[in-house]
Amino acid sequence: MKIIDLRSDTVTLPTDEMREAMMKAKVGDDVYREDPTVNELEELAASIFNKEAALFVVSGTMANQVSIMTYTQRGDEVIVGKNSHIYNYEVGAMAALSGVQAFPLNDENGMFSLDELESAIRSENIHFPKTALITLENTHNRAGGVALSKEYIDEVANIADKYGIPVYLDGARIFNACIALAVSPAKMVERVDALMFCLSKGLSAPIGSVIVGKRDFIERARKMRKRLGGGMRQAGVIAACGIVALNKMVDRLKEDHENAELLAKELSEVKGIIVEPVAVRTNMVYFMLLPGAIDAPELAKRLLERGIKIGVVSKRRVRLVTHKDVLKEDVIEAAKAIKEVVESTWRGE
Ligand code: TLP
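Residues numbered from 1 in each chain as written. Predicted model: local features only at pLDDT ≥ 70, side-chain atom pairs only at ≥ 80, totals over all residues. Heavy atoms only, no water.

Asker: Describe the packing of helix H3 (residues 60-71) against helix H10 (residues 215-227), and please don't skip the residues or the numbers.
Answerer: Each pair of packed helices gets described by two things: the angle between the helix axes and the distance between those axes. Close contact between H3 and H10 brings their axes to 9 Å; oriented N to C, the two are set at 115°. Viewed along their axes, H3 and H10 adopt a mutual orientation that is roughly perpendicular. In terms of crossing hand, the pair formed by H3 and H10 is right-handed. Mapping the contact onto sequence places Met-62, Val-66, Ser-67, Met-69, Thr-70 and Tyr-71 in H3 and Phe-217, Arg-220, Ala-221, Met-224 and Arg-225 in H10. (Axes fitted to C-alpha atoms, helices over the stretch in contact; angles between N-to-C directions. Helix = DSSP H or I, 4+ residues; strand = E, 2+ residues; numbered from the N terminus. Parallel < 35°, antiparallel > 145°, perpendicular 65-115°, else oblique. Left-handed = near helix turned anticlockwise from the far one by under 90°. Contact = heavy atoms within 4.5 Å.)

What follows is the structure in structure tokens.
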């Protein structure tokens, strides 16, 4: 049976070109900085974002946590969105690994209010922790994959600058945001101090994320990566896929966005479902199942019998993610199957 996997863009398989690049990659010991392919990937990433340097790490979570660890001291505070990945999906790492606490702000549509942000910044007082970092997420996963504008990021940076606080961007899917808004990556992150992006989501590489920022920050982050056991040796075999990802896989993200738009449109016709609106859609569709409808775990079970995998976020919330390995006809088939299952079990008015 053919599987249509809409759980995440993390499920994308490497392309043939990546497998070939992997096989032919020139490698060396990256802890000694002697892996030419890793060095090439890091230089390429830094140049795309017009920053000084970059660091290849194994995952988005490691990228976020190495960055937090580099920017903070124990007891500091980090401003995060209540719905951010850093706050919700990283196993409490900032507390466990860096010994810092989160100050979560409402971010229902992916953005926190600038007033709330400014009030959250701690003044100097013997009782208060230091606000050491402000984090943003673009695209914002839990807010529907929404793309945040450069203008919003710049407004956050204006406030951060006033207080001398660095801004860090979880840009796991930053290329999706740049494609959706037709803004170059360098322009988009012009005002952030550092960011990370993932190679192993929509860009389809099998492993890896890259932290990008100022040279001294990246040097310190390199040491933190080592502390976490993330110093890799002949990592060129995986970095080679990252180079292919950056050179060949960015422009096609627009197809994923078109497929997500189509999926959202098809699902909006289904009785018992409310498709969550987003200001700027990228490659995600979230929907709610109304009380008279089948619940999300049961829907997932029934769809799996038909070879369709969906993301169960909660009892009534579902996430669908489009990517390279789902085609337009797959999206149409998935929407049809969801309609059949939800409408045939519908008990509402
Ligand atoms: N997100 C995964 C899950 O962890 C939820 C997914 O399927 O979307 N930042 C953002 C915004 C992310 O969405 C993710 C992964 C990460 C960081 C972490 O990346 P990895 O999985 O490489 O550690």
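Asker: Residue-level account of the sheet that holds strand S10 (residues 284-289), with values.
Answerer: Taken together, 4 strands build an open sheet; the order of strands is S9-S10-S13-S12 and the sheet is antiparallel. Of all strands in the sheet, those bounded by a partner on one side alone are strand S9 (273-275) and strand S12 (311-314). Strand after strand, the sheet turns through a mean of 30° between neighbouring axes, direction not considered. Relative to strand S13 (residues 317-321), S10 runs antiparallel, the two being bridged by 5 bridges. Its bridge partner lying in S13, Tyr-286 is registered against Arg-319. The strands touched by helix H12 (residues 253-267) are S9, S10 and S13; relative to S10, the strand with the most contacts, the crossing angle is about 20°. Helix-sheet contacts for helix H13 (residues 296-304) involve S10, S12 and S13, and the interaxial angle to S12 is about 170°. (Pairing = 2+ DSSP bridges.)

Asker: An account of the environment of Lys-150 is needed here, citing residue identities and associated values.
Answerer: Among the structural elements, Lys-150 can be located in helix H7 (residues 150-163). Sequence spacing of Lys-150 and Cys-178 is 28 residues, and the spatial spacing of their C-alpha atoms is 9.2 Å. Excluding residues within four positions of it along the chain, Lys-150 makes contact with Lys-187, Met-188, Glu-190 and Arg-191.

Asker: Got a sec to walk through the site of the ligand? Specific residues and values, please.
Answerer: Taken together, 15 residues sit near the ligand, with Ser-8, Gly-60, Thr-61, Asp-170 and Arg-173 positioned nearest. In the environment of the ligand, an oxygen atom lies 2.7 Å from a nitrogen or oxygen atom belonging to the side chain of Ser-8. A distance of 3.0 Å separates an oxygen atom of the ligand from a polar side-chain atom of Asn-141. Within the complex, the protein chains bury 81% of what would otherwise be the 510 Å² of accessible surface of the ligand. For the shell around the ligand, the element with the most residues is H3, which contributes 3 residues. Taken together, the residues that form the shell around the ligand break down as 2 nonpolar, 7 polar and 6 charged. (Near = heavy atom within 4 Å. Polar contact = N/O pair within 3.5 Å; in protein donor to acceptor, adjacent residues only side chain to side chain. Areas by Shrake-Rupley, 256 points an atom, 1.4 Å probe, with all protein chains shown as cover. Nonpolar A, V, L, I, M, F, W, Y, C, P; charged D, E, K, R; others polar.)

Asker: Mind laying out the pattern of salt bridges, listing which residues take part and the relevant values?
Answerer: A side chain of one charge can pair with a side chain of the opposite charge when the charged atoms of the two come close. The final tally for this structure, using the stated rule, is 25 salt bridges. The salt bridge partner of Arg-317 is Glu-276, with a shortest N-O separation of 2.9 Å. Taken as a pair, Arg-317 in strand S13 and Glu-276 in the loop between S9 and S10 lie far apart in primary sequence, 41 residues in all. Connected through salt bridges with shared partners, the residues Lys-150, Asp-154, Lys-187 and Glu-190 form a single ionic network. (Salt bridge = Lys/Arg side-chain N within 4 Å of Asp/Glu carboxyl O.)

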